Amino acid sequence: MNTFGGRLALALVCFTLLVGGMVAVTSVADTDVAIGPVGTADAATQADNETVRHQDPDEQQDDGDTAAVRRWLENELSRQLGDSAVQLSEGDYETAREILGDDYQDRYAQYVDVQGETGGEAEEPNETANGTGDGPSGGESTADGLPGGSTNDSFQELATEQERLADLLEEFEATRADYYDAVEADDDERAHDLARDIEDLAGRIEGRSQNITVHFETLEEDTGGNFSESKASIDETNRDVQETRDVITVEQFEPTELTIEPDGDPERDGISFLEPLEATGTLRTENGTPIASQNVTLEIGSDDLLVRTTETRTVRTDEDGSFTLEYRPTTLPLSTTNLSVAYEPVRGSGYIGSETNVPVSIEQRTPELSDLSASQTTAAYESVEVAGAMTVDGVPVDNVSVDVFLDDQFVGNTTVSNGTLDGTAKVPASVPEGERELTVRFAGADRALASATAGTTITVLESEGELAVTADRFGDDHLNVSGTFTTVDGAEIENEAIELAVDGETVGTVSTDGDGTFATVVELPVAPAELEGDTVELTASYDGEDSSIAPTTTSADATIGGADDSILSSRLLLGGGLVLALAGSIGSLLWFRRRDAADAGSSVDRPQDVPRPTDAPSEPEPEPVEPLLSQAAASLSNDRPDEAVRLGYAAVRRAFQSRIEGSRALTHWEFYRRYRGDGAETNSDSDADADANTDSLRSMTELYERASYGVDRVSKTDAATVLEYARQLCELEESSGRGRSSDGDYPADD
């Protein structure tokens, strides 16, 4: 291209591309890192990641087949669970945990999201990683929008259970090794203690293994998969542990035999609280030697329950190993037909526990709650003292729990001991002021003791609340709001709604967290340019409705004008860049034209092999972070804290993209470690600043992980903190050595 017209055309093309880039930037919604679970199969359009993960190309359809994505994720999660179970059976516990680490949690988070998209609708027979069968059946959605089935819970709980099982198995192996070392060293006392530890660990491993099997069976029902191999691996692992436990138990402990001989026929005649089981028992070793003159602990419960609940009794054996037992059932289900009585040796004992059953039938009796008294007056977050008695026909009830309510709001519980209840309950702010009914209830439906209730009236006084709020500008058209709500005595008021207004116009509400704090981002009701003056008044109000806290209002001024904005508008920066670019293009054209004219008038030919000077390569214009921060602010103001955290974190990743080499491919923790290693100090004036910036990024990373892959929702307060950290880190990078150095060169990437 040797003509001026050609060069003009080239400049105009460049300018057009730059303008197009500005338009694209002003509508940017993409991120440089994944900002959350992929919601649909065509999620590649949602973020400009280099690689779209968690999608099966063979099953992917052009129009976005979320059901296929769900099935593929289901298969992948099932395969990883199975692989982890195999590693457990082979004793490679570290690998078993790693298989269920970040990658599994990533897939699980996306599976939950895709399940929400598909609504759990029934599919064609689903081929899983372990077999074939019907897909998950449909059902009503839960409060969080997920299908009503238990598939999501089972995938998550299985991973948690298998990781805990890996920890237990690792501890079991280490304890077993220590045991045999003690045996070899003839350290009988240590060997005895370690054998008891092994017995305890084996019991926990057995319970954990049973839980895992139940979850696998649930997945088989929900997904139609065949998890036989996974269950077999878990069963084999548990069987090996129990066999080891049995060998060591026989080596260290002496087996026992427990017998219970009831008076009369408790199966025919029945037992109740007023007609207790009376029996004679004996406790001997397997060879008949009495366990004489000892206090022994018996656990009594029902073998008819899936979840066994027991009551503890302590009896004293005589020189023949005999004892007497009286048992008054209280919370035992009426459906109980076999009463389980088990001897539980204490630590240091040289015996193995034993168990026997007594056939019974249970008859219900009705208790009486009487002499109820309580504090006459109270207030929010103060304690109410509650006292009373619980008997059945004058016989004191012992070791049962009763619940305390204020106007049907649960406020605590207390234990009845030898017929007397004496405890306290804390009054929440949600109980309105005035005369209120305090109720004590024993829940005994279908139990040996029937339900009982007693009540009295107390007065809840109104409390003064102290509301504090701060506000500062966040981006072009938002305010970052935070505050606290406490009583005058300093008690933190939780779960109460605070109304926010800007210059008298309501802009939203925010609820206090468990520690009485609140934080959110609100949008200005009008554009900043339309507001009069450089400040606005942010008002926080509590109306006191349906509570014992008095209405209160406070306000704070927020600066919205002036030249000290936290970050210059990215569009303004880019627009200025376009002007400079256009000026540079025109200048280049004029230079080329003058040079061509000089060439035309010169009689000296240039050597053909001498290269013409070229401009030094320039660093790519960094992508703006302000759009992401603005989106994050909007998400938080719209009660989407998880999304706000992901967007705020993405803004930080974008800000450091050009300086931390290969940042796009780094996981969130890899990025943190890279920043900690060489990023913080290059942007800080002091070691203290570097440490603070590193701590901020670590907190951001932890909350980003919870927002993207965790089960619990991030609080608004935490989300607001993340956005504040994000803005600080982005400002830090914006003002750091991104420009040219003193010699005119751009700094190299770290």
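Residues numbered from 1 in each chain as written. Predicted model: local features only at pLDDT ≥ 70, side-chain atom pairs only at ≥ 80, totals over all residues. Heavy atoms only, no water.

Participant: Residue-level account of the packing of helix α10 (residues 626-637) against helix α11 (residues 641-655), with values.
Facilitator: Relative to each other, α10 and α11 sit at 165°, their axes nearing to 8 Å. With respect to α11, the axis of α10 lies roughly antiparallel. As for the relative orientation of α10 and α11, their crossing is left-handed in sense. Taking contact as the criterion, the partners of Leu-628, Leu-629, Gln-631, Ala-632, Ser-635 and Leu-636 in α10 are, on α11, Pro-641, Glu-643, Ala-644, Leu-647, Gly-648, Ala-650, Ala-651 and Arg-654. Broken down by class, the residue content of the contact of α10 with α11 amounts to nine nonpolar, three polar and two charged. (Axes fitted to C-alpha atoms, helices over the stretch in contact; angles between N-to-C directions. Helix = DSSP H or I, 4+ residues; strand = E, 2+ residues; numbered from the N terminus. Parallel < 35°, antiparallel > 145°, perpendicular 65-115°, else oblique. Left-handed = near helix turned anticlockwise from the far one by under 90°. Contact = heavy atoms within 4.5 Å. Nonpolar A, V, L, I, M, F, W, Y, C, P; charged D, E, K, R; others polar.)

Participant: Explain the sheet that holds strand β8 (residues 338-343) residue by residue, including any values.
Facilitator: Sheet architecture is open: four strands sit in the order β6-β5-β8-β9, paired in antiparallel fashion. Among the strands making up the open sheet, the edge pair consists of β6 (310-316) and β9 (354-359). Neighbour-to-neighbour, the strand axes of this sheet turn through a mean angle of 25°, independent of strand direction. Summarising the sheet, strand β5 (residues 295-302) and β6 pair through seven bridges and their orientation is antiparallel. Counted as the bridge partner of Gly-301 is Thr-310 from β6. (Pairing = 2+ DSSP bridges.)

Participant: Could you give an account of a negative patch on the surface, naming the residues involved and the relevant values?
Facilitator: A cluster of acidic residues, Asp-178, Asp-181, Glu-184, Asp-186, Asp-187, Asp-188 and Glu-189, forms a negative patch at the surface. Within the residue set of the negative patch, elements represented by two or more residues are α5 (151-184) and α6 (188-223). The element that contributes the greatest number of residues to the negative patch is α5, accounting for three residues. Inspection of the secondary structure puts Glu-184 in helix α5. (Patch = residues over 30% accessible without salt bridge, like charges linked within 9 Å, V, L, I, M, F, W, Y side chains within 5 Å. Areas by Shrake-Rupley, 256 points an atom, 1.4 Å probe, with all protein chains shown as cover. Salt bridge = Lys/Arg side-chain N within 4 Å of Asp/Glu carboxyl O. Lys, Arg positive; Asp, Glu negative; His and termini not counted. Charge placed at Lys NZ, Arg CZ, Asp CG, Glu CD.)

Participant: Before we move on, could you go through the pairing of strand β16 (residues 420-426) and cite the residues and values that matter?
Facilitator: Burial along β16 is one-sided: Leu-421, Gly-423 and Ala-425 are buried, and none of Thr-420, Asp-422, Thr-424 and Lys-426, which face the opposite way, are. If you look at the hairpin formed by strand β15 (residues 409-417) and β16, you'll find two residues sitting between the two strands, and Asn-418 has a positive phi there, around 50°. (Buried < 20%, exposed > 50% of the residue type's maximum accessible area, 1.4 Å probe, protein only.)

Participant: Report on unusual backbone geometry, specifying residues and quantitative values.
Facilitator: Apart from glycine, the bulk of residues carry a negative phi angle, and the bulk of peptide bonds sit in the trans form. At Asp-371, a position not held by glycine, the phi torsion is positive, near 55°. Relative to the helices and strands, Asp-371 resides in strand β10 (residues 368-374). Not every positive phi belongs to a glycine, and Tyr-381 is a case in point at roughly 70°. Relative to the assigned elements, Tyr-381 resides in the loop between β11 (377-379) and β12 (383-392).

Participant: Please give an account of a nonpolar patch on the surface that cites residues and values.
Facilitator: A contiguous nonpolar surface patch, about 230 Å² in accessible area, is contributed by Tyr-180, Val-183 and Val-247. Accessibility expressed as a relative area gives 44% for Val-247, which makes it partly exposed.

Participant: Quick one: what's the story with the sheet that holds strand β7 (residues 322-327), residue by residue and with numbers?
Facilitator: With antiparallel pairing, the three strands of this open sheet are ordered in space as β3-β4-β7. Looking at which strands have only one partner, the edges of the open sheet turn out to be β3 (256-262) and β7. Between one strand axis and the next, the sheet turns through 25° on average, direction left out of account. Bridge analysis of strand β4 (residues 277-285) against β7 gives six bridges, and the strand direction is antiparallel. By the bridge assignment, Thr-282 is partnered in β7 with Ser-322.

Participant: Before we move on, can you summarise the packing of helix α2 (residues 66-89) against helix α7 (residues 228-252) with the specific residues and values?
Facilitator: Between two packed helices, both the angle of their axes relative to each other and the distance between the axes serve to describe the pair. Following both chains from N to C, one finds α2 and α7 inclined at 25°, their axes separated by 8 Å at the closest point. Between α2 and α7, the crossing angle belongs to the class labelled roughly parallel. Considering only the axes of α2 and α7, their crossing is left-handed. Between α2 and α7, the contacting residues are Gly-82, Ala-85, Val-86, Leu-88 and Ser-89 on the first element and Ser-230, Ser-233, Ile-234, Glu-236 and Thr-237 on the second.

Participant: I'd like a rundown of α7, residues and numbers included.
Facilitator: Taking 1.5 Å of rise per residue, the 25 residues of α7 would be expected to cover 36 Å, and the 36 Å separating its terminal C-alpha atoms lies within 8% of that figure. What α7 keeps buried is the set Ser-230, Lys-231, Ser-233, Ile-234, Thr-237, Asn-238, Val-241, Gln-242, Thr-244, Arg-245, Ile-248 and Thr-249. (Expected span 1.5 Å × (residues − 1).)

Participant: Tell me about the environment of Thr-297, and please be specific about residues and values.
Facilitator: Tracing the sequence through the fold places Thr-297 in strand β5. Here the alpha-carbon distance between Thr-297 and Arg-316, two residues 19 residues apart in the chain, equals 8.9 Å. When sequence neighbours within four positions are dropped, the list of residues in contact with Thr-297 reads Thr-312, Arg-313, Thr-314, Ala-342, Tyr-343 and Glu-344.

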